[in-house]
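# Structural description and commentary
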Amino acid sequence: MTSRKQNKNQLALKLGMNDERVPKLLGIICMFLAFYLFIAFFSYLFTWETDQSDVQNFSWSLLMQSDMPMANWLGRLGAIVSDMFFYWGVGLSSFGFVYLLIIYGRALIQRTPMIQLNGRLRITLVLMLLISVFLEFIFSGAKFPWGGAFGDFVAGWLQSFLGVVGLGTLFLLVIIGVITWVFNPNYKEMTFRSAVQGVVTYLQDFFSGRLYQRRRVAERAQQAADNQEKAEKTTKPLRPSLEEDGDAQLSLELDKRLRPTSPSLAPEGAELEIQPSASSDSTDSPGLDSTMPLNQASQILEENADHSEPYDPTLELSSYENPVLSLLEDYSDQKLEVDRAELEANKDQIIETLLNYKIEITKIRATIGPTVTLYEIVPAPGVRISRIKNLEDDIALSLSALGIRIIAPIPGKGTIGIEVPNRNQQIVSMKEVLQSEKFRRAKMDLPIALGKTISNDIFVADLAKMPHLLMAGATGQGKSVGINAILMSLLYKKHPSQVKLVLIDPKKVELFPYSKLDAHFLAFLPGQEEPIVTETTKVIHTLNSLCIEMDTRYNLLKKAGARNIREYNEKFVQRQLNPLKGHHFLPFIVLVIDEFADLIMTAGKEIELPIGRLAQLARAVGIHLIIATQRPSVNIITGIIKANFPARLAFKVTAKVDSRTILDASGADQLIGRGDMLLSVGGDMVRIQCAFVDTPEVERAVEFIHQQPGYAEPYYLPEFHGDETDSITGSGGPVKYSDLDEMFEDAARLIVQTQHGSTSMIQRRLKLGYNRAGRLMDQLESVGIVGSADGSKAREVLVYDEMELNRFLEDLKKR
C-alpha cells in the first residue's frame, strides 16, 4: 500500500513538472516582478533622498513597522528593495534586471527554448557591470548611487591603481574595442551619421530579438564561405590560364544572370544591375557577353560550377517565416487524467472474464493513451491465442465499453493486447504535436504529424516514404480534420520553395481556407480562376497536367543521371547541373483529393487513368497523393490504384467488411470515432488519436503566411489541351452525321422520350463520363434538338416526339 502511494505521488509530481501551465505561471510571475521592480526603481529616482536615511540601517523588523513613513510609490518594501539594488548593488544598471525578467517571462509564456536567451543574458550582465563602474567613475563623489556599491568599489580600486587619466583611457579603449568587435566599421568611409545609425539599428535588433537571428544567418554564410574555400583548395582548376580576377568576375555575372532576382528581395540601396567589367571586354578573358552563343556560355558555366557556392532555393523568399505556434489553440486545460480506480477495475474485469472461460494469465500491465488504454496480457503456457481472440464481445460486455480491439499477438512482443476506450477522452491539440521535439527535429522530406499513439508518443511520419496515402472512414469521423492536420504539418515545417500543394475539393468548402496561399504553396493550372480545384472538368485537366509534369521530371532525371528527386536536387544544389539546359530545382508536389468517390461517379475513367499513372510512377519524381473517400470499394478505387497505396488511414466505419476494404484487415469498425484512427503502413498497424485543428486555427495560420511577401507569380502546372467541346457547325462547315458521337442517336432518343434536356441524365442513363455527356449535349444543341443552356435549369427540348426525331435523323444522315 505504501509503495502504491509513493508511485502515485511520483506520478503526480511528474505530471506537475510536465504540465504546460507551470512554465506559463512562472512566466506571469516573472512579468509581474519586472513590473513591480520597474515601478520601485523609477520611484527611487525621485524619492531616494527621503527614503535612504530610513533604510540605511536595515533590519527585517523595518518591514513590520507601520509608523515609519516611506516616500516610495510601493511603500516600505519598494523602498527597501530599491535601496538594496541601487545603493548596495549596481546602481542605475539595476534596470537591466527588469529587462531580464521581461525576456525570460515572455519566453516561459511562449514556450521558447531558454538556450536562445543565454547570449542576451551574458551580454546584459556584462553591460550592467561595465555601466555601473563607468557611471561611478563619471559621477564620483555624488550623493546619488549611480554605480552602487559594486561600481564604487571597482572604480575606486582602478582609480587608485591607474589614476584618473589612466582609467579614462581604459574606458575609452573598452568602448572603441566593443564597437569594433560588434559593428566591424569601415573607418575609411565612416561618418558620424552612419555611426549613429549603426548603433541605433544594433540596439533595436538587440532588444527585439532579431540580433540572434542575424548572427545565425551570418554564421551559416561564413560556414558556406569556408566550405567553398576548402573546395577551391582541394579542386584543381579546369582552365589554368584563367586569371583570378576574371574568374571572380565571371562567377558574379553568371550567378546574377541565371538566378531570377526580385526587387522586393534586394537590400535597401543595392544595385540590381551589374556593370560590365574590364575583363568582360577583354578578348583574353572568357567572360559572358550578350552576343555569346548558348553552347559557349553553357561550357563556361560547367567549367566554373565548382567555384560557386551551393544553390539555396529559399533565397528568393529569404524573409519567409513559418507560422508561429501561438496561432493554434491550446487544449491543455481540458486534459483529463485516467483514474487509478478505473484502471484497476478494468484489469479485474478482464482477469475475471478470462477466468470464467478457464483462461489463466501470468502478467498484465496497462499503457494509458489519450483515448484508449492498452492492457497487455501474457497468457499461461498452453493457452491458445484464438480462444482469447474469440472473447472480444464478451470482454466488451463485461467492461461496458463502446467497443474493444484485441491484438493477438502484438507484433514484436510476446503479449496479447486488449485496447479499451477511456471513459474520459483527451483532446490532442495540433499545437502540442507541432511543438514536440520529435516533430521539430524531424529530418524528413515531407514530415506529417498525425497525433498521438496509444502510448502517448507523438507520431510523425514521412509522406515521401509512404509514398501515397489513402484515407477512408464514415461521414463525420474526422477525415477532413486529418487532412487539415497533414497540411498544417507541411505549412509549419517546409519553405514554399520546397513543397507545392495541389488541392482538389469537390465539396468546395473543406479546403477553401487554403486559397490564400496561391503565391506561396499552391500549384494550379494557368488561367484558373480559383487556386482550389472544384469543377470536374478542371480536375481532369489538373490530373493530366500532373502527368505531363511527371513525364517532364523523368526526362530531367534522365539527363542528370539521377534516380530520384533527392539525388537530382542534391546535384542541382551543388551546381552540378546546368540551368541553361533546362534544369531547375524541383519542389515536392502533394496532391490532396477530398471526396474521391464523387469524382469517380461523375467522370469515371477520365479520373481513374491519370490517378493510376500517378500512383504507379510519380513517387520517384516527388509527386505524392493523398486521397480521401468514405469507402474505397472496387468500383471507386481499382486494384491497380489500391496496390500503389501501401499506406492506409482508416477512421471509424460501421461494418467489418468496410474495414477489410480499407485496411485489408478488421479493426476500423471497433474504433470510437472523433479522430480515432488506424494507420497501416506495409502491414504494420498503429492506432493513433488524430490531432485536432479547428477551422479558425487554419485560417489564422494561412493569414500569417498570406501577409508575407510571396512569389511574383504562382507555381503553374503545365498546360493541358484536352478534347475541347468545339461547335460542330463551326469552321468545318455543315454538320455531318459521321462527325457525331456514336452514342448521339441514343442520347437524342433519351432526351426526346423524357422531354428533359439534362447532361447528368445522359451521364446516368447511358453510363458515360461527364465530359462525354457534355459533348453529346453540345452536339444536340448544335443540330437543333435542344435549346441553349439556361444556368442550372434543364435545356428546352425542341423535338416533341419520336416520329419527328426519326425524320430529323434521316435528313441528318443524308447531309
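Now for a quick tour of the structure. (Residues numbered from 1 in each chain as written. Predicted model: local features only at pLDDT ≥ 70, side-chain atom pairs only at ≥ 80, totals over all residues. Heavy atoms only, no water.)

Under the definition given, this model contains 21 aromatic pairs. Summarising the aromatic geometry, the rings of Phe 32 and Tyr 36 are spaced 6.4 Å apart at their centres and angled 35 degrees between planes, so their arrangement reads as tilted. Residue Phe 32 and its partner Tyr 36 are both found in helix H2 (residues 21-55); the two are separated by four residues, about one turn of the helix. Since its relative accessible area comes to 52%, Phe 32 is described here as exposed. Summarising the aromatic geometry, the rings of Phe 41 and Phe 95 are spaced 5.7 Å apart at their centres and angled 80 degrees between planes, so their arrangement reads as edge-to-face. Remark: Phe 95 occurs in helix H4 (residues 95-110) and Phe 41 occurs in helix H2; sequence separation between them is 54 residues. Overall, Phe 41 belongs to the buried group, its relative accessible area being 0%. Taking relative accessible area as the criterion, Phe 95 reaches 23% and is therefore assigned partly exposed. (Phe/Tyr/Trp six-rings, centres within 6.5 Å; stacked < 30°, edge-to-face > 60°. Helix = DSSP H or I, 4+ residues; strand = E, 2+ residues; numbered from the N terminus. Buried < 20%, exposed > 50% of the residue type's maximum accessible area, 1.4 Å probe, protein only.)

For the rest of this paragraph, the subject is a nonpolar patch on the surface. Together, Val 126, Leu 130, Trp 157, Phe 161, Leu 162, Leu 170, Leu 173, Val 174 and Val 178 line one region of the surface with nonpolar side chains, adding up to about 830 Å² of accessible area. The topology assignment puts Trp 157 in helix H6 (residues 148-183). (Patch = residues over 30% accessible without salt bridge, like charges linked within 9 Å, V, L, I, M, F, W, Y side chains within 5 Å. Areas by Shrake-Rupley, 256 points an atom, 1.4 Å probe, with all protein chains shown as cover. Salt bridge = Lys/Arg side-chain N within 4 Å of Asp/Glu carboxyl O.)

All chains considered together, the criterion is met by 24 salt bridges. Among the ionic pairs, Glu 376 bridges to Arg 365, the shortest N-O distance being 3.3 Å. Taken together, the residues span a long stretch of sequence, with Glu 376 in strand S2 (residues 372-379) and Arg 365 in strand S1 (residues 361-368) at a distance of 11 residues. According to the relative accessible area criterion, Arg 365 is partly exposed, its value standing at 41%. Notably, a salt bridge pairs Arg 687 with Glu 419, separated by 2.5 Å at the nearest N-O pair. One end of the pair, Arg 687, is in strand S14 (residues 684-690); the other, Glu 419, is in strand S4 (residues 416-421), and 268 residues separate them in sequence. By the burial criterion, Arg 687 is buried, and Glu 419 matches it. Sharing partners across several salt bridges, the network here consists of Arg 405, Glu 419, Asp 676 and Arg 687.

Another point: helix H26 (residues 759-766). Within the span of H26, buried status applies to Met 761, Ile 762, Gln 763 and Leu 766. Elements in contact with the buried residues of H26: helix H20 (596-603), helix H25 (744-754) and helix H27 (770-783). Of the residues trailing H26, Lys 767 is marked for its positive phi of about 55 degrees. (Contact = heavy atoms within 4.5 Å.)

The sheet built from nine strands is open, its strands ordered S6-S5-S14-S13-S12-S7-S11-S10-S8 with mixed pairing. Strands at the two margins of the open sheet, each flanked by one partner only, are strand S6 (458-462) and strand S8 (499-504). Direction aside, neighbouring strands of the sheet carry axes that sit 25 degrees apart on average. By the bridge criterion, three bridges tie strand S5 (residues 447-453) to S14 in an arrangement that is antiparallel. Within S14, the residue paired with Lys 452 across the bridge is Gln 689. (Pairing = 2+ DSSP bridges. Axes fitted to C-alpha atoms, helices over the stretch in contact; angles between N-to-C directions.)

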